[in-house]
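Notes for the structure review
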Amino acid sequence: MSSKFKVQSSKLKAARRSPAVGGRCVVLGVTGSIAAHKAVDLASLLTKQGCDVRVVMTADAQRFVTPLPFKTLSRHPVVTDLYDEVEGWKPAHIQLADEAALLLIAPATANTIAKLALGLADDALNCIALALNPRAKILIAPAMNGKMWLHPATRENVARLKRRGAQFIGPEEGLLSCGYEGIGRLWPVDQVAARALELLG
Ligand SMILES: Cc1cc2nc3c(=O)[nH]c(=O)nc-3n(C[C@H](O)[C@H](O)[C@H](O)COP(=O)(O)O)c2cc1C
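Computed from a predicted structure; not experimentally measured.

As for the overall build of the protein chain
Along its length, the protein chain carries 10 helices and 7 strands. Looking at the protein chain as a whole, 46% of its 201 residues qualify as buried. Relative to all contacts within the protein chain whose residues are 6 or more apart in sequence, the contacts with residues 24 or more apart total 78%.

Section: the confidence of the model for the protein chain
Chain-level pLDDT for the protein chain is 90 on average; 89% of the residues reach the 70-or-more range. In the predicted structure, residues 1–20 sits below a pLDDT of 50 and forms 25 contacts with residues beyond four places in sequence or in another chain.

Observations concerning the site of the ligand
Surveying the vicinity of the ligand reveals 15 residues, the closest of which are Thr31, Gly32, Ser33, Thr58 and Thr109. If you tally residues by element for the shell around the ligand, the top one is helix 6 (residues 110–118), at 3 residues. Per-class residue counts for the shell around the ligand are 7 nonpolar, 7 polar and 1 charged.

Comments concerning the pairing of strand 6 (residues 172–175)
The pairing of strand 6 with strand 7 (residues 181–185) spans 4 bridges and is antiparallel. Paired with Glu173 across the bridge in strand 7 is Ile183. Turn length for the strand 6-strand 7 hairpin, with the two strands adjacent in sequence and antiparallel, is 5 residues, and the turn residue Gly179 shows positive phi of about 100°.

Details of the packing of helix 6 against helix 9 (residues 152–163)
How two helices pack is summed up by the angle between their axes together with the distance between the axes. Where helix 6 contacts helix 9, the axes come no closer than 9 Å and their chain directions differ by 50°. With respect to their mutual orientation, helix 6 and helix 9 come out oblique. Of the two possible hands of crossing, helix 6 and helix 9 adopt the one that is left-handed. Facing Ala110, Ile113, Ala114, Leu116 and Ala117 of helix 6, the residues of helix 9 in contact are Ala153, Thr154, Asn157, Val158, Arg160 and Leu161.

Structural notes on the environment of Leu161
As for its position among the elements, Leu161 is in helix 9. Along the primary structure Leu161 and Ile113 are separated by 48 residues, whereas in three dimensions their C-alpha atoms are 8.3 Å apart.

Remarks on the packing of helix 5 (residues 92–99) against helix 7 (residues 124–131)
Where helix 5 contacts helix 7, the axes come no closer than 8 Å and their chain directions differ by 45°. Considering their axes alone, helix 5 and helix 7 lie oblique with respect to each other. The handedness of the crossing between helix 5 and helix 7 is right-handed. Here Ala92, His93, Ile94, Leu96 and Ala97 of helix 5 come into contact with helix 7, specifically with Ala124, Cys127, Ile128 and Ala131. Of the residues assigned to the contact of helix 5 with helix 7, the class counts are 8 nonpolar, 1 polar and no charged.

Some thoughts on the sheet that holds strand 2 (residues 52–57)
The strands making up a sheet associate through backbone hydrogen bonding, with each pair oriented either parallel or antiparallel. Ordered by their spatial adjacency, 5 strands build an open sheet running 2-1-3-4-5, and the pairing between neighbours is parallel. Each having just a single partner strand, strand 2 and strand 5 (167–168) make up the two edges of the open sheet. Pairing of strand 1 (residues 25–30) with strand 3 (residues 102–108), which is carried by 4 bridges, proceeds in the parallel orientation. Within strand 3, the residue paired with Gly29 across the bridge is Ile105.

Observations concerning helix 2 (residues 38–48)
In terms of burial, helix 2 is a largely internal element, 9 of the 11 residues being buried. Of the residues making up helix 2, those classed as buried are Lys38, Ala39, Val40, Asp41, Leu42, Ala43, Ser44, Leu45 and Leu46. The elements touched by buried residues of helix 2 are strand 1, strand 2, helix 4 (67–74), strand 3 and helix 10 (189–200). Trailing helix 2 by a residue or two, Gly50 shows a phi angle of about 95°, which is positive.

Rules and cut-offs
Residues numbered from 1 in each chain as written. Predicted model: local features only at pLDDT ≥ 70, side-chain atom pairs only at ≥ 80, totals over all residues. Helix = DSSP H or I, 4+ residues; strand = E, 2+ residues; numbered from the N terminus. Buried ≥ 20, exposed ≤ 12 C-beta atoms within 10 Å, placed from the backbone. Contact = placed C-beta atoms within 7 Å. pLDDT = per-residue confidence, 0-100. Near = placed C-beta within 6 Å. Nonpolar A, V, L, I, M, F, W, Y, C, P; charged D, E, K, R; others polar. Pairing = 2+ DSSP bridges. Axes fitted to C-alpha atoms, helices over the stretch in contact; angles between N-to-C directions. Parallel < 35°, antiparallel > 145°, perpendicular 65-115°, else oblique. Left-handed = near helix turned anticlockwise from the far one by under 90°.

Shown next, in the form of structure tokens:
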């Protein structure tokens, strides 16, 4: 892994020393953003910190990055479809919704944020969010074009999710992949990992 992804945050270093994080189940939802490849480093960072990282990819996320690096770095199969075969009788999305200590969605698209706000359940990630056990925390790291982020529809969806207890990190300002300068970039993944570890206690 390149040195730019070395964990620099003091919070993350402190969390590394905390045994409380070990074995906690983090469901990492990856959605169809150009920033989806950055979630590979996020999965790796959290796994190295002792989290049990279970990656769930939307169909669009798989247009940007394959499940393979997530599977290898998280050391678990990746959920890529609501109808994925699983061992045992329980559907994978219910199993993960029951086990999660944290549902972390990074990057989160405008589309997925809207679906979460509406409570839609048309894919594995949104089913997990709806069936999530009440002890689990939700952390959302959006990434999108600045106009999408600032659109009143997205503002309302974010506000609605915050009222329900979901936490957001980012997006940050900078040069966007769509060519515009502005708000919309995924928050640096080392800091997303640090916040996730903080939430896990
Ligand atoms: C090249 C490209 C980059 C995209 N990047 C983003 C993005 O960063 N954020 C976003 O909200 N949508 C982005 N989209 C649009 C989403 O992929 C689209 O809304 C999709 O339906 C999201 O599905 P999902 O939320 O189920 O993953 C992008 C589309 C393309 C073709």
